[in-house]
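# Structural overview for review
Take a look at the letters that make up each chain.
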Amino acid sequence: MNDTRLVKISKYLSYHLRHRPDKIGLELTSDGWVSVNELLAAAKKDRFPISRDELEEVVANNDKKRFSFDAKGKHIRANQGHSIEIDLQLEPATPPDVLYHGTGEGAVESILDAGLNKMSRHHVHLSKDINTARTVGKRHGRPVVFAVNAAAMHEAGYTFYCSENGVWLVDMVPPEYLAIASSQQPPQQA
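Everything numeric in this text was worked out from a predicted model, so none of it was measured. (Residues numbered from 1 in each chain as written. Predicted model: local features only at pLDDT ≥ 70, side-chain atom pairs only at ≥ 80, totals over all residues. Heavy atoms only, no water.)

## Brief notes about the overall build of the chain
In terms of helices and strands, the chain carries 6 helices and 11 strands. In terms of overall dimensions, the chain is globule-like: its C-alpha atoms have a radius of gyration of 18 Å, near the 16 Å expected for 190 residues. Counting only C-alpha atoms, the chain reaches 55 × 30 × 25 Å along its principal axes. Taking all 190 residues of the chain together, the buried fraction comes to 46%. In the chain, once contacts between residues fewer than 6 apart in sequence are set aside, the share between residues at least 24 apart is 71%. Side-chain charges in the chain split into 23 positive and 24 negative, and the spacing between the mean points of these groups amounts to 8 Å. (Helix = DSSP H or I, 4+ residues; strand = E, 2+ residues; numbered from the N terminus. Rg over C-alpha atoms; globule rule 2.2 N^0.38 Å. Buried < 20%, exposed > 50% of the residue type's maximum accessible area, 1.4 Å probe, protein only. Contact = heavy atoms within 4.5 Å. Lys, Arg positive; Asp, Glu negative; His and termini not counted. Charge placed at Lys NZ, Arg CZ, Asp CG, Glu CD.)

Structure follows, in structure tokens:
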């Protein structure tokens, strides 16, 4: 499959498995799963046919590992990023000392003022490396990367989760735990 088709399928799946399953007649389980057969039938009915081989390639080769099959390969779900109510059954985890969040430069002032908030999603998404955060930030214009003092947040009682694809999740990041990243050093708490 060529890269253009891979991206189109990934975007289609992201939209329908994270935000609007109802738009193509899907109903996700409380933990986000849907039958692969139902998904493929719904996509075909929606005039966006996807073969089982294409679906497997997207799950295996998506650069951000956005999707997973269950152990038997009969169900699929998005790993995180839902705007609909889903319980991904994630266990709390101890984060690395520093995590990163990429955004566009237009959001910097409000983030420094109010911190990082989950907005319409279930969690704030954080990366364990600065390059991934920078790549995410590029989607929003000229990228700016924030370093998050995750060790201090964890010590203060904030709960972190790590999704199946390695994205770190937290409900919010107050501004005192943020600094614009210029190195791998953690921000100092005020």
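## Examining the packing of helix 1 (residues 3-18) against helix 3 (residues 52-61)
Packing of helix 1 against helix 3 brings their axes to within 10 Å, and their N-to-C directions diverge by 85 degrees. By the angle class used here, helix 1 and helix 3 are roughly perpendicular. Here helix 1 contributes Arg5, Leu6, Ile9, Ser10 and Leu13 to the contact with helix 3, which in turn contributes Glu54, Leu55, Glu57, Val58 and Asn61. Grouping the amino acids of the contact of helix 1 with helix 3 by side-chain chemistry returns 5 nonpolar, 2 polar and 3 charged. (Axes fitted to C-alpha atoms, helices over the stretch in contact; angles between N-to-C directions. Parallel < 35°, antiparallel > 145°, perpendicular 65-115°, else oblique. Nonpolar A, V, L, I, M, F, W, Y, C, P; charged D, E, K, R; others polar.)

## What about the pairing of strand 4 (residues 98-104)?
Counting buried positions along strand 4 yields 7 of 7 residues, so the element is predominantly enclosed. Of the pairings in the sheet, the one linking strand 4 to strand 7 (residues 143-149) comprises 7 bridges and is antiparallel in character. Across the sheet, the residue bridging to glycine 102 is valine 145, located in strand 7. (Pairing = 2+ DSSP bridges.)

## Considering the pattern of salt bridges
Inspection of every chain in the model, using the stated rule, returns 4 salt bridges. In this structure, the salt-bridge partner of arginine 142 is glutamate 105, at a minimum N-O distance of 3.8 Å. Residue arginine 142 is found in the loop between helix 5 (130-138) and strand 7, and its partner glutamate 105 is found in the loop between strand 4 and helix 4 (108-114); the two are separated by 37 residues along the sequence. (Salt bridge = Lys/Arg side-chain N within 4 Å of Asp/Glu carboxyl O.)

## Some details on helix 5
Along helix 5, the residues classified as buried are Ile130, Ala133, Val136 and Gly137. One face of helix 5 carries all of its buried residues, which in axial projection span an arc of 120 degrees. When the buried face of helix 5 is taken as reference, the exposed residues oriented beyond 90 degrees from it are Asn131 and Lys138. Where helix 5 is buried, its residues touch strand 4 and strand 7. Where helix 5 begins, the capping side chain belongs to aspartate 129, and its oxygen is found 3.2 Å from the backbone nitrogen of asparagine 131. (Arc of directions from axis to C-beta. Polar contact = N/O pair within 3.5 Å; in protein donor to acceptor, adjacent residues only side chain to side chain.)

## Remarks on the sheet that holds strand 2 (residues 67-69)
Ordered by their spatial adjacency, 3 strands build an open sheet running 1-3-2, and the pairing between neighbours is antiparallel. What marks the edges here is a single partner per strand, and that holds for strand 1 (34-35) and strand 2. Where strand 1 lies against strand 3 (residues 75-78), 2 bridges are found, and the strand directions are antiparallel. The partner of valine 34 across the bridge, within strand 3, is isoleucine 76.

## Points about unusual backbone geometry
With a phi angle near 65 degrees, arginine 47 is a residue other than glycine that sits in the positive phi range. With respect to the element layout, arginine 47 can be found in the loop between helix 2 (36-45) and helix 3. Overall, the relative accessible area of 77% leaves arginine 47 in the exposed class.

## Points about the pairing of strand 3
Across a regular strand the side chains alternate sides, sitting on one face of the sheet and then on the other. In the sheet, strand 2 pairs with strand 3 via 3 bridges, with the strands oriented antiparallel. Residue pairing in the sheet places serine 68 in a bridge with arginine 77 of strand 3. Here strand 2 folds back onto strand 3 in antiparallel fashion, the turn holding 5 residues, of which glycine 73 has a positive phi close to 75 degrees.

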